[in-house]
Amino acid sequence: MSEEFLSHEIRDKIAISYKYTMGGQSKFFIELMNNKKLLGTKCTKCGKIWMPPRINCSDCYTPANWVELKQTGTIEVSTIVWYTTSAFIKAIPYGIGFIKLDGAETALLQGIFSENLVPSKIKKGKKVRAVFNKDRVGKMTDFFFVPEDEYENWISKSEYEGGES
Amino acid sequence: MQKVAIIGIGITPFKARYLDKTYFELAYDATKLALEDANKNGADISHKNIQSTVYGIYNELFERQFMPDIFTNSYLGMNNKPGTRIATGGATGGYTVRMAYAEVASGLSDLCLCIGLEKCNDCYDEQTGVTTPEVLNAIAYSADMTYEYPMGMMAASSYVSMVNAHYEEFGNPTEEQMAYVSVKNHGNAMNNPKAQSPMKITVEDVMNSRIICYPFKMLDCCLYSEASAALILASEEKVRELKIEKPVWITGVAAANTDCFIGNREDMGRLYSNIYAAKAAYKMAGLDYNRIKSLIDLAELHDAFSGQEVISYEELGFVPFGEGGSWIEKTFEKSGEGPWIEGELPCCPSGGLIGCGHAVGATGIMSTGEAALQLRGEAGKHQVTIEKGRAISHSIGGPGAAYAAVIVMANEEGLKQT
Ligand SMILES: [Zn+2]
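Residues numbered from 1 in each chain as written. Chains lettered and ligands numbered in written order. Predicted model: local features only at pLDDT ≥ 70, side-chain atom pairs only at ≥ 80, totals over all residues. Heavy atoms only, no water.

A. Structural detail: the environment of Arg54 of chain A. Among the structural elements, Arg54 of chain A can be located in the loop between strand 2 (49–50) and strand 3 (64–68). Taking the C-alpha atoms as reference points, Arg54 of chain A and Gly24 of chain A, 30 residues apart in sequence, are found 7.5 Å from one another. Once residues within four sequence positions are removed from consideration, Arg54 of chain A is found in contact with Thr41 and Ala64 of chain A together with Phe261 and Asn264 of chain B. (Helix = DSSP H or I, 4+ residues; strand = E, 2+ residues; numbered from the N terminus. Contact = heavy atoms within 4.5 Å.)

Now the structure itself:
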């Protein structure tokens with residue numbers, strides 16, 4: 001009965017491909033891709049501005065209308081990631097944070113890029129502005145935020161550009 | 001509603017990796033341990049007496065199997081009986097206890113198996129040749145896949161957002177205060193033979209460990225584990241019929257889901273799910289939220305990250321908002337060398353997630369089982385003094401730690417005093 005235990009391991013991978021619809025939120029991604037606009041929604045009853053957008057207000061159960069939001073905002077909270085998932089490990093260190101766009105009530109999770117990525121540079125209260133990829137595909141990774149004072153520098157790079165406002 | 005008691009507890013060791021067991025084989029081990037424990041506790045039952053099962057299994061990608069519960073059901077010999085799976089992220093264990101409680105309290109089942117399991121480290125990252133980045137990736141799929149995952153959001157960055165927001169509001173927890181939790185929980189695990197990360201470390205060790213996600217460092221974070229934990233829940237009638245010697249009564253169960261989008265929350269530095277779940281669970285148990293610290297003997301908390309434990313002290317009502325940091329500091333000044341199983345309210349005497357490891361679906365069931373063993377006076381070397389006869393376990397998890405569950409338990413003495 002003292003037979004040595006030998007384990008057997010099998011290499012495998014689960015992969016599923018998608019072409020998924022963004023449904024009622026589609027307009028946000030289309031406007032981001034085509035016009036570098038950041039659209040939120042405003043509840044027709046309570047007036048709350050939703051960002052990320054939802055076409056129905058979850059508080060009032062009434063429709064919400066599309067509204068264009070400012071491309072400037074304030075960092076509410078942030079972090080710098082130094083160890084991460086297999087999908088992002090090549091990108092470390094990277095900054096992410098929750099940004100309240102001027103005029104919005106909810107904060108959006110986004111990448112915060114900086115030429116000097118240290119906690120003090122991307123801390124709460126810092127003003128940031130959206131920078132867009134020139135090559136956009138209608139995904140959240142089409143844009144990111146940079147500290148206001150680095151904005152001109154970022155949009156002068158060949159792969160990026162500024163938004164409208 | 002019928003009264004419900006924990007009559008059997010079975011916890012496998014929490015390990016980085018079991019090469020000799022699959023997830024359903026781990027579940028079998030925990031179930032067998034729980035049945036043996038129930039029989040030591042006066043019962044004379046086998047798996048054939050179990051009337052229903054509630055499974056806590058978080059992540060299909062870990063198990064490499066959708067609907068892993070039905071395969072576990074087969075291996076446990078539970079065919080032709082009801083079995084239901086719960087999956088609520090890191091709070092899966094607590095939520096599973098809640099639903100198993102409901103099975104028995106409602107009268108649907110007199111004898112219910114409440115079992116959690118997880119086997120994460122079968123995930124493997126071919127590019128780095130280790131498991132962790134792929135485990136983290138499998139977890140990151142719990143973030144919103146359109147708005148959050150593409151930003152590189154993951155478990156640590158999600159929790160750290162709340163901790164950083166709390167720090168901005170109250171000036172704590174500081175990095176040192178977080179390190180105290182790490183020293184305490186790694187240290188407490190030294191007395192728990194089932195723990196994955198028992199370590200005698202110093203505050204400096206924590207401060208000098210590698211940065212993961214500012215300001216969390218390696219030793220502020222729990223490790224992912226493989227394990228299974230099982231409880232056998234019985235109705236009061238069954239407890240009497242089986243002549244159970246030390247029933248541990250579940251006197252309060254509650255859960256709440258706060259907004260999974262952290263940016264939608266009014267207060268990013270607070271987990272309202274914890275507050276709602278704690279208040280409701282204590283109320284059900286007839287305990288006052290504002291006095292809870294003096295009404296229980298211990299708390300097994302969900303310390304996935306050290307800073308989160310500090311914030312939980314406040315949300316669960318142990319100390320007022322903003323005073324979590326100074327509370328752990330006081331505890332530490334008093335018993336800096338440990339073990340931290342005495343004092344005002346011992347938190348995570350088992351070592352918690354930081355000390356034991358985090359086998360997601362099994363974790364909250366392990367914490368509940370640990371608290372129940374404490375109330376039976378059978379926790380072993382990390383036994384705390386039981387005076388009030390009451391304890392709580394706490395589970396949180398999911399995107400932005402949106403899910404929270406709190407379980408209140410009492411032994412026969414604790415029940416009389418209520
Ligand atoms: Zn509204």
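B. Fine view of the pattern of salt bridges. Residues and elements named next belong to chain A. Scanning the model with the defined rule gives 30 salt bridges over all chains in all. Of the charged contacts in the structure, one is a salt bridge between Glu68 and Lys37, with a shortest N-O distance of 4.0 Å. You can see Glu68 sitting in strand 3 and its partner Lys37 sitting in the loop between helix 1 (26–35) and strand 1 (39–43), a full 31 residues away along the chain. Here Glu68 falls in the partly exposed class, since its relative accessible area comes to 43%. Of the residues examined, Lys37 reaches a relative accessible area of 26% and is grouped as partly exposed. (Salt bridge = Lys/Arg side-chain N within 4 Å of Asp/Glu carboxyl O. Buried < 20%, exposed > 50% of the residue type's maximum accessible area, 1.4 Å probe, protein only.)

C. Expanded view of the coordination of the zinc ion. All names here are of chain A. With distances of 2.3 Å, the protein atoms coordinating the zinc ion are Cys43 (SG), Cys46 (SG), Cys57 (SG) and Cys60 (SG). Between the four donor atoms coordinating the zinc ion, the angles at the centre fall across 103 to 116 degrees, so the site counts as tetrahedral. Sequence positions of the residues that donate to the zinc ion give the spacing C-x2-C-x10-C-x2-C. Here Cys46 is found in the loop between strand 1 and strand 2, whereas its partner Cys60 is found in the loop between strand 2 and strand 3, with 14 residues between them in sequence. The class for Cys46 is partly exposed, based on a relative accessible area of 41%. (Donors = N, O, S within 2.8 Å, 3.2 Å for Na, K, Ca; no water. Tetrahedral: all angles 85-135°; square planar, octahedral: opposite > 155°, others 65-115°.)

D. Layout of the packing of helix 4 (residues 92–105) of chain B against helix 14 (residues 360–375) of chain B. Residues and elements named next belong to chain B. Following both chains from N to C, one finds helix 4 and helix 14 inclined at 65 degrees, their axes separated by 6 Å at the closest point. Note that helix 4 runs across helix 14; the crossing there is right-handed. Every residue of helix 14 that contacts helix 4 at Thr92, Gly93, Gly94, Thr96 and Val97 is listed here: Val360, Gly361, Gly364, Ile365 and Thr368. Of the residues in the contact of helix 4 with helix 14, the class split is three nonpolar, seven polar and no charged. (Axes fitted to C-alpha atoms, helices over the stretch in contact; angles between N-to-C directions. Left-handed = near helix turned anticlockwise from the far one by under 90°. Nonpolar A, V, L, I, M, F, W, Y, C, P; charged D, E, K, R; others polar.)

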